[in-house]
Amino acid sequence: MSDIVTCPSCGAPNRITAPPVGKAPACGKCGAALPWIVTASDADFTAQVSGPIPVLVDFWAPWCAPCRMVAPVLETIAADKAGRIKIVKLNVDENPMAAGAHRVQSIPTLILFKNGQPVERLVGALPRESLLARLEPHLG
Ligand SMILES: [Zn+2]
C-alpha cells in the first residue's frame, strides 16, 4: 500500500503506509491527520477493521450504480473526519467471504466497526447528511 495523498492542511505530498496500531496516518510535514481510505480483501479484512479508530467498510462492486454515488461521498467524509475515521473499500465480487460473514445481501452496504465489532449498518445509497448523522455518534 503506497498511495500518495496530498495533505489537506499544508499541501505536502505524503506516501501513506500502515500507521502504528491505534493511530491514523498523519502528514510527515505538519502532522495534520490525513484522509484514510484503504482497499481490503478477504485475506486482510479482520486486520483492516480492528483497532480503536472507527472503520467504515464500503461493500461495493464495479457494476453497482448506487455504489458509484456513495464513493465520492465517502471521500469527502474521509477528508472532513480525517484522524477520526478510516474508510475501507471491499469489492464483494472479489471478496465473497467477508461479505458473507457479515450477511451483506445488497450493495451498497456500509458497516461501521469499532474495535473490530460492527456497531452500525447502513444499506443503500444514503445522502451525505443522513450518513453523517448515523456515523457521528460513533466518532471520537
Ligand atoms: Zn501537512
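By convention here, each chain's residues receive numbers from 1 onward along its written sequence. Only residues with pLDDT of at least 70 get local features here, since the model is predicted, and only at 80 or more are side-chain atom pairs given and counted; chain-wide, interface and lining totals rely on the full set of residues. Side-chain metrics rest on all non-hydrogen atoms present in the structure, leaving aside hydrogens and water.

Draft legend 1. Molecular detail of unusual backbone geometry. Cis geometry is found at the peptide bond from Ile107 to Pro108, where omega equals 0 degrees. Helix numbers and strand numbers start at the N terminus; a helix is a DSSP run of H or I with at least 4 residues, a strand a run of E with at least 2. You can see Pro108 is positioned in the loop between α3 (96–101) and β6 (109–114). Within the chain, Arg103 stands out as a residue other than glycine whose phi angle is a positive 50 degrees. Here Arg103 is to be found in the loop between α3 and β6. One non-glycine residue, Asn115, lies in the positive phi region at around 50 degrees. Note that Asn115 resides in the loop between β6 and β7 (117–123).

These results come straight from atomic positions and should not be treated as a statement about function.
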